[in-house]
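# Descriptive structure summary
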Amino acid sequence: NAGVTQTPKFRILKIGQSMTLQCTQDMNHNYMYWYRQDPGMGLKLIYYSVGAGITDKGEVPNGYNVSRSTTEDFPLRLELAAPSQTSVYFCASSYTRSPYEQYFGPGTRLTVT
Amino acid sequence: ILNVEQSPQSLHVQEGDSTNFTCSFPSSNFYALHWYRWETAKSPEALFVMTLNGDEKKKGRISATLNTKEGYSYLYIKGSQPEDSATYLCAFYYGNNRLAFGKGNQVVVIP
């Protein structure tokens with residue numbers, strides 16, 4: 001199993017550009033999540049999904065969009081990149097039953113200048 | 001916004017010494033507390049998921065305890081080794097499989 005994979009690993013965007021961060025898991029997990037990690041802060045939940053076709057906002061959803069057309073994929077879209085979106089983005093997935101531990105991807109480091 | 005506090009934020013430990021640190025979380029509506037280990041340049045990996053008051057979990061030289069009534073958990077590292085250097089994340093489960101993370105305890109083990 002590859003687990004949770006994310007692409008790209010690094011990206012530099014100009015202000016106003018758009019991009020999609022890709023996330024795929026091969027563990028047949030129903031639950032998937034997007035977090036951002038800023039220096040000195042804990043992981044903040046952006047969006048999450050409880051299954052294909054179902055998504056919901058987390059703590060910091062502004063400026064982002066998601067979709068979940070399949071169980072495996074959960075892409076995160078930035079429409080108009082802003083410097084405040086410079087961060088490290090982690091995708092994660094989990095089973096729907098206890099103990100619900102989350103499995104994380106390797107992260108995408110995004111810089112918006 | 002749920003308040004999950006971890007202290008101390010960072011600590012340096014001499015190789016062979018034991019250490020511990022704290023995670024504080026809301027004591028009401030408790031369901032589960034997670035601990036993750038996050039090594040530099042890697043992704044966080046689950047260490048423990050704790051659900052019962054008084055729970056104690058152990059993995060090698062790392063162990064954790066849980067007090068849900070007063071809202072805290074301790075993580076212990078016995079006989080620290082350089083490979084224990086990492087950031088340890090505590091996360092409070094608050095429904096629909098969502099976690100609220102603390103800022104982490106960064107541990108540096110000095111050889």
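Preceding this section is the structure that the text describes.
Everything numeric in this text was worked out from a predicted model, so none of it was measured.

### Some thoughts on the packing of aromatic side chains
- Applying the stated criterion across every chain, the model contains 18 aromatic pairs over all chains.
- Three or more aromatic residues joined by ring pairs form one cluster here, namely Tyr33, Tyr35, Phe90 and Phe104 of chain A together with Tyr36, Trp38 and Phe101 of chain B.
- In this structure, Arg68 of chain A is placed above the aromatic ring of Phe74 of chain A, and the distance from its NZ or CZ to the ring centre is 5.9 Å.

### What about unusual backbone geometry?
- Cis rather than trans, the peptide bond between Thr7 of chain A and Pro8 of chain A has omega equal to -5°.
- By secondary structure assignment, the location of Pro8 of chain A is in the loop between strand S1 (4-7) and strand S2 (10-13).
- A cis amide bond links Ser7 of chain B with the next residue in sequence, Pro8 of chain B, at an omega value of -10°.
- Along the polypeptide, Pro8 of chain B turns up in the loop between strand S1 (5-7) and strand S2 (10-14).
- The phi angle at Asn29 of chain B is positive, at roughly 55°, despite the residue not being glycine.
- Tracing the chain through its elements places Asn29 of chain B in the loop between strand S3 (19-24) and strand S4 (33-38).
- Taking the relative accessible area as the measure of exposure, Asn29 of chain B reaches 74% and is therefore exposed.

### Concerning the state of the cysteines
Residues and elements named next belong to chain A.
- In this structure the tally under the stated criterion is two disulfides over all chains.
- Across a sulfur-sulfur distance of 1.8 Å, Cys23 and Cys91 are joined as a disulfide pair. Between Cys23 and Cys91 the disulfide shows an S-S torsion of about -70°. By sign, it is left-handed. Placement of Cys23 in strand S3 (residues 19-25) and of Cys91 in strand S9 (residues 87-94) is noted, with a sequence separation of 68 residues between them.

The rules behind the values
Residues numbered from 1 in each chain as written. Chains lettered and ligands numbered in written order. Predicted model: local features only at pLDDT ≥ 70, side-chain atom pairs only at ≥ 80, totals over all residues. Heavy atoms only, no water. Phe/Tyr/Trp six-rings, centres within 6.5 Å; stacked < 30°, edge-to-face > 60°. Lys NZ or Arg CZ within 6 Å of the ring centre and 35° of its normal. Helix = DSSP H or I, 4+ residues; strand = E, 2+ residues; numbered from the N terminus. Buried < 20%, exposed > 50% of the residue type's maximum accessible area, 1.4 Å probe, protein only. Disulfide = S-S within 2.5 Å.

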